[in-house]
Amino acid sequence: MTNHEFGGQHTDLKLSIVEGYLKAFAQALRPHFQHLWYIDAFAGTGSRTVRTEKRGSDLVEMPVEEVVEQRRGSAQIALDVRPSFDFAIFIEKNRNYVSALNDLAARYPQRRIVIAEDDANTALKRLIETNTWIDKRAVVFLDPYGMEVEWSTLAALAKTEAIDVWFLFPLAGLFRQATRKLTDIDGHKRAALTRMFGSDDWEKELYPPAEADMFGTLGERHRLADVAGLERFAKSRLETIFPRVLKPLALPINEKPQRFSLFLCISNPDGKAIGLASRIGSHLLNPARHIVVGPVVK
Ligand SMILES: C[S@@+](CC[C@H](N)C(=O)[O-])C[C@H]1O[C@@H](n2cnc3c(N)ncnc32)[C@H](O)[C@@H]1O
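Residues numbered from 1 in each chain as written. Predicted model: local features only at pLDDT ≥ 70, side-chain atom pairs only at ≥ 80, totals over all residues. Heavy atoms only, no water.

J.: Which residues make up the overall build of the protein, and what values go with them?
T.: Helix and strand counts for the protein stand at 10 helices and 10 strands. Dimensions of the protein, computed from C-alpha atoms along their principal axes, come out at roughly 75 × 65 × 40 Å. With 298 residues in all, the protein has 47% of them scored as buried. Counting contacts in the protein only where the partners sit at least 6 residues apart, residues at least 24 apart contribute 72% of the total. In the form shown here, the protein has an accessible surface area of approximately 15700 Å², with 53% of it arising from carbon and sulfur atoms. The positive charge centre, built from 40 side chains, and the negative charge centre, built from 38, are 4 Å apart in the protein. (Helix = DSSP H or I, 4+ residues; strand = E, 2+ residues; numbered from the N terminus. Buried < 20%, exposed > 50% of the residue type's maximum accessible area, 1.4 Å probe, protein only. Contact = heavy atoms within 4.5 Å. Areas by Shrake-Rupley, 256 points an atom, 1.4 Å probe, with all protein chains shown as cover. Lys, Arg positive; Asp, Glu negative; His and termini not counted. Charge placed at Lys NZ, Arg CZ, Asp CG, Glu CD.)

Here is the structure:
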């Protein structure tokens, strides 16, 4: 068993939302399409190691031993969906995780599963280029640790007009790269932002020209957008390439500031397809369904 510890409480929620979508998607489209594909571009191992730390006793609580459990990761979840996807493609760059994915696939000899040990951007663009999409419908899950997803990959996915994209957008990463003062953005951060947004337009959109003082000297340019503003900016960029981008869910749900925005981007411009995907997606992404209300203290 390869241990893969990642995420936190929000990870279970994220995975249950994607699972809900995969089930509804497969059920709705199975009668109409022979080729339903699931593509996991940051596939992990198929499972997630969750460790609950050992806790000593205090005046109120009993001691708790460390508990380590394995929960399903996105690859396993996708294979469990019924009706099944015809083809599952798992892309993963870590060799040990690829080996765990191979073990997972070996448990499903009757299923069509391909595992690519590769960079997600390279493999996705190749996959898109070497297939026709008119006869297929697919869901892609982009679940990176950070800012690995390139704009050119999103643009290629949007162009297929056949793929719904679940994208865990790394808002905290964006917040770190897009520093308050424009002059603090070094070459490395600049390149990361341009790779993520596809052009350097972020500079004029996020850092408006500063006012001149009474001597006509221009002040420093600052980012005015806060976390919510950065999320709006990311959504508006995605809307330049996808016909519909749903209002994302802020994750973790009960924490401020949010660290991620879970987006559903729909590439099919057909009104009926947008309607169906939006109905399912908006229901799943509705924060009111997920907010945890604490016990009432009397
Ligand atoms: C957050 S984990 C994904 C977890 C997975 N969705 C699950 O539920 O089990 C991110 C994964 O992406 C992989 N990864 C990171 N950068 C990558 C890249 N450029 N291309 C492909 N995989 C990458 C990591 O090795 C890691 O397994």
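J.: Quick rundown of helix H4 (residues 120-129)? Include the residues and the values.
T.: All of the buried residues in H4 are Ala-120, Asn-121, Ala-123, Leu-124, Leu-127 and Ile-128. On its buried side, H4 packs onto strand E1 (35-40), strand E4 (87-92), strand E6 (136-142) and helix H5 (151-159). The N-cap of H4, judged by a side-chain oxygen 3.1 Å from the amide nitrogen of Asn-121 a few residues on, is Asp-119. (Polar contact = N/O pair within 3.5 Å; in protein donor to acceptor, adjacent residues only side chain to side chain.)

J.: Break down the site of the ligand for me, with residues and values.
T.: With respect to spatial proximity, 20 residues lie near the ligand, and among them Ser-74, Glu-92, Asp-119, Ala-120 and Asp-143 are the closest. In this structure, Phe-42 approaches the ligand through a main-chain N or O atom, which is 3.4 Å from a nitrogen atom. Side-chain polar atom of Asp-143 to a nitrogen atom of the ligand: 2.7 Å apart, as the coordinates give it. In isolation the ligand has 600 Å² of accessible area, and contact with the protein removes 95% of it. Counting atoms within 2 Å of the grid points, the majority share of the ligand lands in the largest pocket. Its residues placed into classes, the shell around the ligand shows 9 nonpolar, 5 polar and 6 charged. (Near = heavy atom within 4 Å. 1 Å grid on protein atoms, 1.4 Å probe; cavity = no way out; pocket = protein on both sides within 12 Å on 5 of 7 lines; lining within 4 Å. Sits in = over half its atoms within 2 Å of the grid points. Nonpolar A, V, L, I, M, F, W, Y, C, P; charged D, E, K, R; others polar.)

J.: Describe helix H10 (residues 271-285), listing the residues and the values that go with them.
T.: Taking 1.5 Å of rise per residue, 15 residues should cover 21 Å, and H10 covers 20 Å from first to last C-alpha, within 8% of that figure. Elements in contact with the buried residues of H10: helix H1 (9-29), strand E7 (163-169), strand E8 (244-245), strand E9 (249-251) and strand E10 (260-266). Taking the backbone nitrogen of Lys-272 as reference, a side-chain oxygen 3.1 Å away marks Asp-270 as the first, capping residue of H10. (Expected span 1.5 Å × (residues − 1).)

J.: Describe empty space enclosed by the protein, naming the residues involved and giving the relevant values.
T.: Applying the stated criterion to the full structure yields 1 cavity of 30 Å³ or more. In terms of lining residues, the largest cavity is bounded by Val-149, Trp-151, Leu-154, Phe-167, Phe-169, Met-196, Phe-197, Ala-234 and Leu-238. At the level of secondary structure, the elements contributing two or more residues to the lining of the largest cavity comprise H5, E7, helix H7 (187-197) and helix H9 (227-238). Among the residues making up the lining of the largest cavity, the classes are represented as 9 nonpolar, no polar and no charged. (Points joined across faces, edges and corners; volume = space filled by probe spheres on them.)

J.: Describe the pairing of E7, with residues and values.
T.: Of all 7 residues that make up E7, 7 are buried, and the element is covered over most of its length. Because side chains alternate across E7, one face comprises the buried residues Ile-163, Val-165, Phe-167 and Phe-169, and the other comprises Asp-164, Trp-166 and Leu-168, equally buried. Note: E6 against E7, 5 bridges, orientation parallel. Bridge pairing links Val-140 to Val-165 in E7. (Pairing = 2+ DSSP bridges.)

J.: Explain the pattern of salt bridges residue by residue, including any values.
T.: A full pass over the atoms with the stated rule returns 20 salt bridges. Measuring nitrogen to oxygen at the nearest pair gives 3.1 Å for the salt bridge that ties Lys-204 to Asp-201. Of this pair, Lys-204 and Asp-201 both sit in helix H8 (residues 201-206), separated by 3 residues, roughly a single helical turn. By relative accessible area, Lys-204 is classed as exposed at 56%. (Salt bridge = Lys/Arg side-chain N within 4 Å of Asp/Glu carboxyl O.)

J.: Any details on the layout of surface pockets? Residues and values, ideally.
T.: Taken as a whole, the largest pocket holds about 540 Å³ of empty space. Among the secondary structure elements, those contributing two or more residues to the lining of the largest pocket are H1, E4 and H4. Class assignment of the residues belonging to the lining of the largest pocket gives a composition of 12 nonpolar, 12 polar and 8 charged. The calculated volume of the second largest pocket comes to roughly 400 Å³. Counting residues per element, the ones that place at least two in the lining of the second largest pocket are H9, E9 and H10. Among the elements that make up the lining of the second largest pocket, the one with the highest residue count is H9 (5 residues).

J.: Would you mind going over unusual backbone geometry in detail, with residue names and values included?
T.: Along the chain, Arg-82 connects to Pro-83 via a cis peptide bond; the corresponding omega equals -5°. Along the chain, the position of Pro-83 falls in the loop between helix H2 (74-80) and E4. Looking along the chain, the bond that leaves Leu-251 and enters Pro-252 is cis, with omega of -10°. Turning to its location among the elements, Pro-252 is positioned in the loop between E9 and E10.

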